[in-house]
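# Structural characterization, general
If you want the building blocks of each chain, they are given just below.
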Amino acid sequence: MNNRELKGMGVALITPFKMDGSVDYEALVRLVDYQIASGANFLCVLGTTAETPTLTIYEQKQVRRTVIERNAGRLPILLGVGGNCTQAIVDMLKNDDMDGVDAILSVVPYYNKPTQQGMYAHFKAIAEATDKPVVLYNVPGRTGVNMLPATTLRLAVECSNIIGIKEASGKLEQIEEIVRKRPEGFKVFSGDDGITLPLIKEGADGVISVIGNGYAEEFALMVRLALNGDYEKAGFIDARLRNMYDLLFVDGNPAGIKSLLHLKGMAENILRLPLVPATEETYERIRTCMNSIS
């Protein structure tokens, strides 16, 4: 695999906070080191799992700089640059320092519910505003609208630097249609840990993972085995982690993964409003599941 190629297990990094609510940059550095040492293939910075909407612009830039500096070019960096104001994203891409960023992850616009043509025009404008590769992000559970395969494939064909999609629609038939009809070189990443293995069996290229924050070595190995066609061994790991996939989302993301990381001693169990930590019941269920996995 090309060192800068996006393939395999990418990790949607959390943003760790201190007990006083400020960003814990030392913990973030440790998380980056853990991912690199554990076999992650690329790092996704400032995505949904990072609680990006709750970070100030200054904090976003500091998180990005911290990860890029600590990574030191070892893994590809996929940077979340999305929103529901097309012009604001275009201006950011044109004016921000993107050194150290290998590709852009941009979510379908939320709240204002664009049509398929609106989504197409939005992403076309983003692609034209940067020379970086662009990965689309379809997550209708958060955005309120679903980008259909026809729109994804139209962008894949017409925009040479739109090189992939993180598909979190949960619609297996939709994702499989994109896999079947995509142009050569267009990457499809699972946006849900729990359906990663079946999607790879259908030809997907990997995952942008939540559980990888806490089980980087295990989940990266599962993805690697699946990509190499060893579905039996991959399935064994997948089965071990399956209960945790669901538990991490009982009280929303990243509440679950922050509970797990707290139990592992890797980060404080602190989120920013309007997000709150998982309930005590969920926390204990994650503890029990973690103990059964280890």
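Summarised in this report is the structure supplied together with it.

How each quantity is defined
Residues numbered from 1 in each chain as written. Predicted model: local features only at pLDDT ≥ 70, side-chain atom pairs only at ≥ 80, totals over all residues. Heavy atoms only, no water. Helix = DSSP H or I, 4+ residues; strand = E, 2+ residues; numbered from the N terminus. Rg over C-alpha atoms; globule rule 2.2 N^0.38 Å. Buried < 20%, exposed > 50% of the residue type's maximum accessible area, 1.4 Å probe, protein only. Contact = heavy atoms within 4.5 Å. Areas by Shrake-Rupley, 256 points an atom, 1.4 Å probe, with all protein chains shown as cover. Axes fitted to C-alpha atoms, helices over the stretch in contact; angles between N-to-C directions. Parallel < 35°, antiparallel > 145°, perpendicular 65-115°, else oblique. Left-handed = near helix turned anticlockwise from the far one by under 90°. Nonpolar A, V, L, I, M, F, W, Y, C, P; charged D, E, K, R; others polar. Salt bridge = Lys/Arg side-chain N within 4 Å of Asp/Glu carboxyl O. Core = buried A, V, L, I, M, F, W, Y, C linked by side-chain atoms within 4.5 Å. Pairing = 2+ DSSP bridges. Right-handed = clockwise from strand over helix to strand, strands pointing away. Phe/Tyr/Trp six-rings, centres within 6.5 Å; stacked < 30°, edge-to-face > 60°. Lys NZ or Arg CZ within 6 Å of the ring centre and 35° of its normal. Polar contact = N/O pair within 3.5 Å; in protein donor to acceptor, adjacent residues only side chain to side chain.

A few words on the overall build of the protein. A count of helices and strands for the protein gives 12 helices and eight strands. Relative to the compact-globule value of 19 Å for 294 residues, the protein shows a C-alpha radius of gyration of 18 Å, a close match. On the principal axes, the C-alpha backbone points of the protein span a range of 50 × 45 × 35 Å. Counting across all 294 residues of the protein, residues that qualify as buried make up 55%. The long-range share in the protein, meaning contacts at least 24 apart out of those at least 6 apart in sequence, stands at 70%. For the protein, the exposed surface amounts to about 12800 Å²; the carbon and sulfur share of it is 50%.

Another point: the packing of helix α6 (residues 149–158) against helix α7 (residues 172–181). At a closest axis distance of 10 Å, the pairing of α6 and α7 adopts a crossing angle of 30°. With respect to their mutual orientation, α6 and α7 come out roughly parallel. The element α6 and its partner α7 pack so that their crossing is right-handed. In this structure, α6 uses Pro149, Thr152 and Leu153 to contact α7, whose residues at the interface are Gln174, Glu177, Ile178 and Lys181. Per-class residue counts for the contact of α6 with α7 are three nonpolar, two polar and two charged.

For the rest of this paragraph, the subject is the pattern of salt bridges. Inspection of the entire model under this criterion finds 12 salt bridges. The partner of Asp33 in a salt bridge is Arg70, with the nearest N and O atoms 2.8 Å apart. Placement of Asp33 in helix α1 (residues 25–38) and of Arg70 in helix α2 (residues 57–71) is noted, with a sequence separation of 37 residues between them. On the basis of relative accessibility, which here comes to 38%, the residue Arg70 falls in the partly exposed class. The salt bridge partner of Arg242 is Asp238, with a shortest N-O separation of 2.7 Å. With a gap of four residues between them, Arg242 and Asp238 both fall in helix α10 (residues 231–247), about one helical turn apart. The exposure class assigned to Asp238 is buried, which follows from its relative accessible area of 7%.

This part is about the environment of Pro16. Inspection of the secondary structure puts Pro16 in the loop between β1 (8–12) and α1. On a C-alpha basis, the gap between Pro16 and Leu261 in space is 9.6 Å, while along the polypeptide they are 245 residues apart. The contact partners of Pro16, leaving out residues within four places of it in the chain, are Ser22, Val23, Asp24, Ala27, Leu28, Leu31, Lys258 and Ala267.

This next bit is on the nonpolar core. Counting residues in hydrophobic clusters, the biggest one holds 84 residues, and the most contacted among them are Met9, Ile162, Phe219 and Met244. Here this core gets seven residues from one element, more than from any other, and that element is helix α9 (residues 216–227). Other than its neighbours up to four places away in sequence, Met9 contacts Gln35, Ala40, Asn41, Phe42, Val207, Ser209, Gly212, Ala216, Phe219, Ala220 and Val223. Of all hydrophobic cores here, the second largest spans 14 residues; its members include Phe42, Val135, Val139 and Ala168.

Turning our attention to the pairing of strand β6 (residues 162–167). Among the six residues in β6, five count as buried, and that is most of the element. Sheet analysis places strand β5 (residues 134–138) next to β6, joined by five bridges and oriented parallel. Each bridged residue has a counterpart across the sheet, and for Val134 the counterpart in β6 is Ile162. Remark: the β6/α7/strand β7 (residues 187–190) crossover connection has right-handed handedness.

Quick look at helix α11 (residues 255–263) now. For α11, the buried fraction is high: eight of the nine residues fall into the buried class. Two residues or fewer past α11, Gly265 is found with a positive phi of approximately 75°.

Taken as a whole and assessed by the stated rule, the structure comprises two aromatic pairs. With 5.5 Å between their ring centres and 65° between their planes, Phe42 and Phe189 make a pair best called edge-to-face. Taken together, the residues span a long stretch of sequence, with Phe42 in strand β2 (residues 42–45) and Phe189 in strand β7 at a distance of 147 residues. Ring geometry for Phe219 versus Tyr245: centroids 5.9 Å apart, planes at 75°, classification edge-to-face. Within this pair, whereas Phe219 is found in helix α9, its partner Tyr245 is found in helix α10, the two being separated by 26 residues in sequence. When its relative accessible area of 4% is taken as the criterion, Tyr245 is described as buried. Directly above the ring of Tyr120 sits Arg154, whose terminal nitrogen or CZ lies 3.4 Å from the centroid. Taking NZ or CZ as reference, Lys264 lies 4.2 Å from the ring centre of Tyr215, over its face.

So, about the side chain of Asp238. Of note is the side chain of Asp238, whose polar atom sits 2.7 Å from the side chain of Arg242. Aside from chain neighbours lying at most four places away, what touches Asp238 is Leu197, Met222 and Tyr245.

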